[in-house]
Structure formats: structure tokens, C-alpha cells
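Below are the chains, spelled out letter by letter.
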Amino acid sequence: MYAQMVDTGASRLRSREEMDADEQAFQARIDDGQKIEAQDWMPEGYRRTLVRQISQHAHSEIVGMLPEGNWITRAPSLKRKAILLAKVQDEAGHGLYLYSAAETLGVSREQLVDDLHTGRAKYSSIFNYPTLTWADIGAIGWLVDGAAIMNQIPLCRCSYGPYSRAMVRVCKEESFHQRQGYDLLLALCRGSEEQKAMAQDALERWWWPALMMFGPPDADSVHSAQSQAWKIKLLSNDELRQKFVDQTVPQAEYLGLRVPDADLRWNTERGHYDFGAIDWSEFHAVLKGNGPCNRERLQARREAWAEGEWVRAAALAYADKHAAAERHSQAA
Amino acid sequence: MNDARFECLLRLGDNALVLAQRLCAWIGHGPVMEEDMAQANVALDLIGQARLWLAYAGELEGRGRDEDALAYGRDAGAFRNVLLVEQPNGDYAQTIARQFLFDAWHHAELSALTASSDARIAAIAAKALKEVSYHLERSSDWMLRLGDGTAESHARLQAALERLWMYSGELFDADAHDATLVEQGIVPAPQSLRAGWLQQVGAVCTAATLTMPDADAWMQHGGRQGRHSEHLGYLLAEMQFLPRAYPGVQW
């Protein structure tokens, strides 16, 4: 999921004639559908954009552990507790996987994590919303992971080899998470009136933020054209959002839940759902740091890192001591 | 006759469940991402074990209580875990010391239970033992890293070890239930595991440049009989709140 408004450094798409020979050859490889690997020559803008996109994705996985982690200790059955724990663990794995993919581009995990903690790097706006009830865990799986998959399945075909391969694995796990989220909500919707109300409330709070995950409308998305030319973005924000709405509305109906959009209706002519206007002022406010949980999320990550400093230092010191002892014994 | 076995299964199940619940609180807040994954792994293993033990306990009891009824429907006084596992996470040193002291016992206990005359207990123990072998390896590694790491990590781990030590004696307590089950060849005599445990803990402490506290120090008792520390009530309040707020529904 989880990469929004990635800055490409380009204000417009340049023509072939404006590129030098290296760039032309690079673009020709991409147009030909070849994968770019870590050791290949690449334009600086491509490298920088990918670092931003992949690290934003990695940060989102790690910050995304917090709203869901919030409910592990309160999961209402042992089976649900194990499922949620495994899911949050998968997210940590995705984060590590993606940081490794970013490291192939010549940055270190420490640098990237530092960028997150100092606020220079972004993560998906969705994780700045609170998980208030158990139904939110279902809504995140169904809607947030659902939106993520929508975004990430095309990325399995993206031009950068390490990123595309990471996406293949991540997508498999995410689709499992989506089904688990839906299953959780199905249990609530088949349960008591109170449980069903909990599910409805969750859908009402998560629906619009989920639609915002795809980023601003295409007309306002200045970096999309360059990213699409580089094939590190394969479908536009609006295309993905429409696909998501078309897929999700029937699923809501099956649950017996009402999507909180008075303008939502099937358009026979277009063969798609029409849906209401998104409040982009909220999206931009959340991105700027003014969502309900921005401060808590970042603070939790900073604290974990700061409080873990002595543990990391100890592990390093121990490894150094023993590496030295090993060298000594080999020399003797 | 099944009373003793029911008690024994609750003890095994509650140890795993309560420690898993503690570890769950670390996820997303660990010192390094790899540790979040490792803690989640251990917690997942323990939840899986708790489910097997508690499900069997419920069947033996024959009153229709399943794993969730036992996990979510009992108050602190009915929990049978040792005091050690309910102790707060504290800093990473305390979490690691608690894990290591428990793992060293857990490994020995499960090894012995693989020879239990109760075939189902033996089977669950055999499955759990594979997982706990890894838990012990991991917590021993961290004892070494923190004990023999920096001056700060050494001091923190030594303090954690001393703080938790008084909860280790209970692992080897025996009561009438134990006596019944030992006689039937269902469980090992708790005391029989003590010498091996002391030897293993002592060896790791030495390698980690730590001082093992006095084996004959004053020990706390009571968790296995349902007399717990103040911490367990809060742990259960958090864990059980949903099924208690919405009784009688499916999740």
C-alpha cells in the first residue's frame, strides 16, 4: 500500500530528445519490459524516487503495526489473538523485506528509520486513525489491506527487480490478511445487534480514509506521469480507487453493512459505481501531521527506538567482542 | 482422579497463556524489528500450546468449558500459572531474564512430559518441546548478549535476575495434585527438575559474566494454587474485557 504522493523530483515529463544517451537507453529497457537490477545504471531521479516510495512503504508497515497491535492483548478469543498476532508479525516481516529492497539502492536502514523519526519521511495517512473497537481490526484487514493489495498487485510488475519481487511475496500475505479481516467482520455481522453495530461503526469511520489511501485525484497528482513512465506506478490513483470501490461495495452488501456515502450508486452506462466527493482537506491535514493519532504513532516509534538503544548497543558490543576473540583464536 | 490432571493442565496452559499475553504487549515496541518478529513467534507458540492444554483441560472437566471459556471466563484466583510469568515486562533485560528462567524450566518439564503415561499430554509436550527448544536457545543467547554486552546491559540484566529470582522457586513446588500425578506417571516430580535447572541457569550466568543469585534464597509461592501477585488481575482485566462486556456471543 502505503505510498502516497511520492515526490519524483520532476515537474513535468521530459521528452526522449531531452534525455542523454544513458537515460534514453534506460527508458528503452523499461519500455521493453526489462527489469532494472541494483547493479544497473539508473537515473538519479529514478533511484531517489524509488528510495522514497519503498521506504514510505516500509515505514507504513512498521507504523501500521501500532493500530493493530493495540488490540492483540484484547482479542476476544485465543484463535483471533493468534491470527492477529501472526498478521502483525507479517507486517514486521514486510517492513524488513522492504527496508532490504531499499538498501539495494544505496541507503541504510538506520538512515531511513532516522528519516521516519525526524518526520522527514512519510508513511501512509491511514495509520493515523485510531482503532477504537475490535471491529476496527476487521475493517483494517478488509479495507486497508484490500486497498493495499489493489495498489500492490500491479507493483509486482514494476520495473525495479528487488521491489517487484518483494511485492509478490507481500501480496500473497496481504490477501490472506484481507480475508481474515472480512471473516472477523462476518462473525460480527452474524452476531448480536451490538456486534453488528460495532461493525457498521467501523465501516463508517474507515471508509473515507481507505479511499484516500490511493492518493489525490489524477488531475492533482503531479508526480504520477513520471512514475508511470518509469513503471514504478502502473495504474493511476483514480483508476485504483474506482477498482477498489467496485470490488468493495458488493462485499459490504453481503455483510449487510451500509457504505456511508449518500451518492454511491451503480452507473450502468460506465459499468462502475459512482461515489461521492472525498474531503481532501482532511487528507492533507492528516499528511501534515494533524490526524487523530499522528503524534502518538511517531512518539511510539521514537520511544521504542530510544528505549532499545542500550539493547542494540549490547548486541553489537557482544558481537564485536566475540568476533575479536574468534580472530584471536584463529591466529593462535 | 481427574481433578489432579485438570489442575495440571491448567498450570501448563496458564503458564503459556499468561506469558504469551505479556509478550504480546511488546509487539511494535521492541528494541529492533527483528525482535518484534521473534517475540511474536514465541508468543504465537505459547498461545498455540495454551490452546492445546486448555482444550484438553475442558474436555477432562466435562462441564462444557472450551479453551476460550477457560481463558476468558476465570478470575485471577482460578488461574494456576506460576508467579514468574505474570511479572511485568519491565525493560528488555527483565523480559529476557523472565523468559530464560521460565524457558530453562519449561524445556525440562516438557522433555519429561513426553514420557507421560497420558498419551495426549505426551503428544502435546512433544510438539511444544520443539518450539521451546528454540525459545531456550534464543533467551540463552540474549542472556549472553546482555550479560556480556556493555556495562549498562550487564547491570540491567543482573538487576533483573535478582528481582525475578524469588519467583523461580515455585517452579519446583509440589502439592497433593503433583503427588497423585507423579504416582500415576503422568508428570515428573517437580523437585526432580531442580538440579538440572540450577546447573543450566548457572552455566549460562557464568558464560554471561552474571552472578547467579543464591539457590537457597527466600522464594515466593502460591501461583500454582491460585494466590497471585497484584499484576495478574490487571493482565486479565485487559485480556478478558471483550467477552465480559459482551457475554454469550461468538467472535
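Conventions adopted
- Residues numbered from 1 in each chain as written.
- Chains lettered and ligands numbered in written order.
- Predicted model: local features only at pLDDT ≥ 70, side-chain atom pairs only at ≥ 80, totals over all residues.
- Heavy atoms only, no water.
- Helix = DSSP H or I, 4+ residues; strand = E, 2+ residues; numbered from the N terminus.
- Rg over C-alpha atoms; globule rule 2.2 N^0.38 Å.
- Buried < 20%, exposed > 50% of the residue type's maximum accessible area, 1.4 Å probe, protein only.
- Contact = heavy atoms within 4.5 Å.
- Lys, Arg positive; Asp, Glu negative; His and termini not counted.
- Charge placed at Lys NZ, Arg CZ, Asp CG, Glu CD.
- Buried area = accessible area lost by both parts, 1.4 Å probe.
- Salt bridge = Lys/Arg side-chain N within 4 Å of Asp/Glu carboxyl O.
- Polar contact = N/O pair within 3.5 Å; in protein donor to acceptor, adjacent residues only side chain to side chain.
- Core = buried A, V, L, I, M, F, W, Y, C linked by side-chain atoms within 4.5 Å.
- Phe/Tyr/Trp six-rings, centres within 6.5 Å; stacked < 30°, edge-to-face > 60°.
- Expected span 1.5 Å × (residues − 1).
- 1 Å grid on protein atoms, 1.4 Å probe; cavity = no way out; pocket = protein on both sides within 12 Å on 5 of 7 lines; lining within 4 Å.
- Points joined across faces, edges and corners; volume = space filled by probe spheres on them.
- Nonpolar A, V, L, I, M, F, W, Y, C, P; charged D, E, K, R; others polar.
- Bend = angle between axes of the 7 residues up to and from the residue.

**Comments concerning the overall build of chain A**
In step 1: For chain A, the helix and strand inventory stands at 12 helices and two strands.
In step 2: Listing the helices and strands of chain A from first to last along the sequence gives α-α-α-α-α-α-α-α-α-β-β-α-α-α.
In step 3: For chain A, the C-alpha radius of gyration of 22 Å lies close to 20 Å, the compact-globule estimate for 332 residues.
In step 4: Once the C-alpha set of chain A is aligned to its principal axes, its extents read approximately 75 × 55 × 35 Å.
In step 5: In chain A, which comprises 332 residues, the proportion classed as buried is 57%.
In step 6: Here the analysis covers contacts within chain A between residues at least 6 apart in sequence; of these, 78% occur between residues at least 24 apart.
In step 7: Each charge class in chain A was averaged separately, 39 positive and 46 negative side chains, and the resulting centres sit 3 Å apart.

**With respect to the interface of chain A and chain B**
In step 1: In this complex, chain A contributes 47 residues to the contact, which on the side of chain B involves 47 residues.
In step 2: Surface buried jointly by chain A and chain B totals about 4,100 Å² across both partners, of which 70% is contributed by carbon and sulfur atoms.
In step 3: Between B:Asp148 and A:Lys321 there is a salt bridge; the shortest N-O distance is 3.0 Å.
In step 4: For the pair chain A and chain B, the number of links is 16 residue pairs in polar contact (both at pLDDT 80 or more).
In step 5: Of all the secondary structure elements, the ones that give two or more residues to the side of chain A that touches chain B are α2 (44-69), α3 (78-103), α4 (109-117), α6 (161-189), α7 (193-212), α11 (294-307) and α12 (309-331) of chain A.

**Points about the nonpolar core**
In step 1: Residues A:Tyr46, A:Trp134, A:Trp207 and B:Trp197 are the most contacted members of the largest nonpolar core, which totals 181 residues.
In step 2: Setting aside anything within four residues of it in sequence, one finds B:Trp197 in contact with B:Leu101, B:Ala104, B:Trp105, B:Trp165, B:Ser168, B:Leu171 and B:Phe172.

**Here's the deal with the packing of aromatic side chains**
Given two aromatic rings, their pairing is described by the distance between the two centres and the angle made by the two planes.
Residue and element names in this part refer to chain A.
In step 1: Applying the stated criterion across every chain, the model contains 17 aromatic pairs over all chains.
In step 2: Judged by centre distance (5.2 Å) and plane angle (90 degrees), the ring pair of Trp280 and Phe283 falls under edge-to-face. With a gap of three residues between them, Trp280 and Phe283 both fall in helix α10 (residues 280-290), about one helical turn apart.
In step 3: Owing to a relative accessible area of 18%, Trp280 belongs among the buried residues under this scheme.
In step 4: Residue classification places Phe283 among the buried residues on the basis of a relative accessible area of 1%.

**Focus: α3(A)**
In step 1: In this model, α3(A) (26 residues) spans 37 Å end to end at C-alpha, consistent with the 38 Å of a helix rising 1.5 Å per residue.
In step 2: With 19 of its 26 residues buried, α3(A) lies for the most part within the structure.

**Let's talk about the pattern of salt bridges**
All names here are of chain A.
In step 1: Counted according to the given criterion, the structure contains 33 salt bridges over all chains.
In step 2: A salt bridge links Arg80 to Asp183; the shortest N-O distance between them is 3.1 Å. Of the two residues, Arg80 sits in helix α3 while Asp183 sits in helix α6, which places them 103 residues apart along the sequence.
In step 3: A single salt-bridge network, built from bridges that share partners, covers Glu68, Lys87, Glu91 and Asp145.

**What about empty space enclosed by the protein?**
Residue and element names in this part refer to chain B.
In step 1: A complete count under the given rule lists two cavities of 30 Å³ or more for this structure.
In step 2: Taken as a whole, the largest cavity holds about 190 Å³ of empty space.
In step 3: Contributing to the lining of the largest cavity are 19 residues, with Arg11, Trp105, Glu109, Asp178 and Arg224 lying nearest its centre.
In step 4: Listed by contribution, the elements that provide at least two residues to the lining of the largest cavity are α1 (2-24), α5 (92-113) and α8 (176-183).
In step 5: Looking at the lining of the largest cavity element by element, the count peaks at five residues for α1.
In step 6: Of the residues in the lining of the largest cavity, the class split is 11 nonpolar, two polar and six charged.
In step 7: Roughly 110 Å³ of volume is contained in the second largest cavity.
In step 8: In terms of residue class, the lining of the second largest cavity is built from five nonpolar, four polar and three charged.

**Topic: α7(A)**
In step 1: The terminal C-alpha atoms of α7(A), which comprises 20 residues, lie 30 Å apart, in line with the 28 Å expected from a rise of 1.5 Å per residue.
In step 2: The axis of α7(A) is deflected most strongly, by about 35 degrees, at A:Trp206, and proline A:Pro209 appears within four residues downstream.

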